[in-house]
Amino acid sequence: MSLPPQLTPEQRAAALAQAKRSRQERAELKNRIARGELSIFEAVNDERESIRRMKVLELISSVPGIGKVRAQAIMERHHISPSRRLGGLGVHQLTGLRGELSVSKVDTPRGNLVVISGPGGVGKSTITSELRNDPRFWVSVSATTREPRPGEKEGVDYFFYSEEKFHSMIEADEFLEWADFAGNRYGTPKEPVEKMRALGKHVILEIEIAGARQVRQREGEAKMFFIAPPDWDELVRRLVSRGTDSPERRAARLALAEQEMAAAPEFDEILINDQVDRVLSTLISLATSRTE
Ligand code: 5GP
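Computed from a prediction, not measured in an experiment: that's the story for all the values here.

Thoughts on the environment of Glu42
Then, in step 1: By the element assignment, Glu42 lies in helix α2 (residues 40-44).
Then, in step 2: For the pair Glu42 and Ala71, spaced 29 residues apart in sequence, the C-alpha to C-alpha distance is 18 Å.
Then, in step 3: Among the polar contacts made by the side chain of Glu42, one reaches the main-chain amide nitrogen of Ser39 at a distance of 3.0 Å.

Here's the deal with the sheet that holds strand β6 (residues 184-189)
Then, in step 1: As summarised here, the arrangement of the four strands in space is β4-β3-β6-β5, forming an open sheet in which the pairing is mixed. The open sheet has two edge strands with one neighbour each: β4 (158-160) and β5 (175-181). Shown here is a sheet whose adjacent strand axes are inclined to one another by a mean of 25°, direction ignored.
Then, in step 2: In the sheet, strand β3 (residues 142-144) pairs with β6 via two bridges, with the strands oriented antiparallel. From the neighbouring strand, Thr144 faces β6, where its bridge partner is Tyr186.

Considering helix α5 (residues 67-77)
Then, in step 1: Looking only at α5, the buried set comprises Ala71, Ile74 and Met75. Within α5, the buried residues cover an arc of 95° as seen down the axis, which keeps them to one side. Turned more than 90 degrees away from the buried face of α5, the exposed residues are Val69 and Glu76.
Then, in step 2: Residues of α5 that are buried sit in contact with α4 (56-61) and α6 (91-101).

Quick notes on the side chain of Thr188
Then, in step 1: You can see Thr188 is positioned in strand β6.
Then, in step 2: Assessed through its relative accessible area of 0%, Thr188 is described here as buried.
Then, in step 3: Looking at Thr188, its side chain comes within polar contact range of the side chain of Glu177, at 2.4 Å.
Then, in step 4: Setting aside residues up to four positions removed in sequence, Thr188 forms contacts with Ser140, Ser142, Glu174, Phe175, Leu176, Glu177, Val193, Leu205 and Ile207.

Let's talk about the pattern of salt bridges
Then, in step 1: Tallied over the entire structure, the rule returns 16 salt bridges.
Then, in step 2: The partner of Glu58 in a salt bridge is Lys30, and the shortest N-O contact between them spans 2.9 Å. One end of the pair, Glu58, is in helix α4; the other, Lys30, is in helix α1 (residues 9-34), with 28 residues separating them in the sequence.
Then, in step 3: A relative accessible area of 24% places Lys30 in the partly exposed class.
Then, in step 4: Between Arg146 and Glu152 there is a salt bridge, and its shortest N-O distance comes to 2.8 Å.
Then, in step 5: Here Arg146 falls in the buried class, since its relative accessible area comes to 7%.

Here's the deal with the site of the ligand
Then, in step 1: The environment of the ligand is made up of 17 residues, and the closest members are Lys124, Arg146, Tyr158, Tyr186 and Glu208.
Then, in step 2: At 2.5 Å, a side-chain N or O of Tyr186 approaches an oxygen atom of the ligand.
Then, in step 3: A distance of 3.4 Å separates an oxygen atom of the ligand from a polar atom in the side chain of Thr188.
Then, in step 4: Here the ligand is seated within the largest pocket.
Then, in step 5: Among the elements of the structure, β5 and β6 are those that each provide at least two residues to the shell around the ligand.
Then, in step 6: Partitioning the shell around the ligand into residue classes produces five nonpolar, four polar and eight charged.

Conventions we followed
- Residues numbered from 1 in each chain as written.
- Predicted model: local features only at pLDDT ≥ 70, side-chain atom pairs only at ≥ 80, totals over all residues.
- Heavy atoms only, no water.
- Helix = DSSP H or I, 4+ residues; strand = E, 2+ residues; numbered from the N terminus.
- Polar contact = N/O pair within 3.5 Å; in protein donor to acceptor, adjacent residues only side chain to side chain.
- Pairing = 2+ DSSP bridges.
- Axes fitted to C-alpha atoms, helices over the stretch in contact; angles between N-to-C directions.
- Buried < 20%, exposed > 50% of the residue type's maximum accessible area, 1.4 Å probe, protein only.
- Arc of directions from axis to C-beta.
- Contact = heavy atoms within 4.5 Å.
- Salt bridge = Lys/Arg side-chain N within 4 Å of Asp/Glu carboxyl O.
- Near = heavy atom within 4 Å.
- 1 Å grid on protein atoms, 1.4 Å probe; cavity = no way out; pocket = protein on both sides within 12 Å on 5 of 7 lines; lining within 4 Å.
- Sits in = over half its atoms within 2 Å of the grid points.
- Nonpolar A, V, L, I, M, F, W, Y, C, P; charged D, E, K, R; others polar.

Spelled out as structure tokens, the structure:
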């Protein structure tokens, strides 16, 4: 058996101080829940290590009117082990808890599903990247079979998967929607979308038209936005000025853009992208309004 690591007095003091801070953070969070200022779903959303390591039982017991015995019964019903910590809660467990605790005054409503679509080159990604900084939203990270462009990061811009991996995800029904686009495949992984909505985040999908149609069919309550260029010539200029595509790819994108423009009337709202700020403020107010 190996001996525990020897800490210097400074290291021990730092570890004790850290443990004290974690206890304080957890106590403060439980107090806020007990006072009804915070829902447990907001707590699950808290990225701090001290909170992610907190026991689910401890958290649920602090909800007004619940207590430890009821908390244990609730957890048993949703197959959550008594030692489970917040950071380890799965999407089904969260959905179960949401159903059970929805009568509580402090419940967080489920987040909206927001689709942002429109022709390539119209500026969808500029709009969605602004929304990444807004804590009310979570921007879904798609999977794709295309090669990363310079500066793109795995897990941030996309999950860059092989054809085989993408295919196996289709077979396993792991996509909310997927489509072939300009010679590659793109898809939205289902589970993180559900999880973030269960946590009360409005989830943004920035996807092309065929995928948007699938979402509309499967999730009737999704809010569907079409971003349109101020005029067609402007879109052509934007597509042609993209240096990253080959001439063939560019021509294919133009032809596709033309088809995509024709789909605009299928959407709930058409937003003309003449000024990003204006589009953003309209989008934010419509996307955050409650449907449920
Ligand atoms: P790009 O290769 O320029 O990043 O994206 C090409 C097109 O694929 C864009 O119109 C983008 O909105 C769309 N796209 C990105 N992710 C997804 C996805 O998960 N599903 C679908 N259907 N389209 C996507």
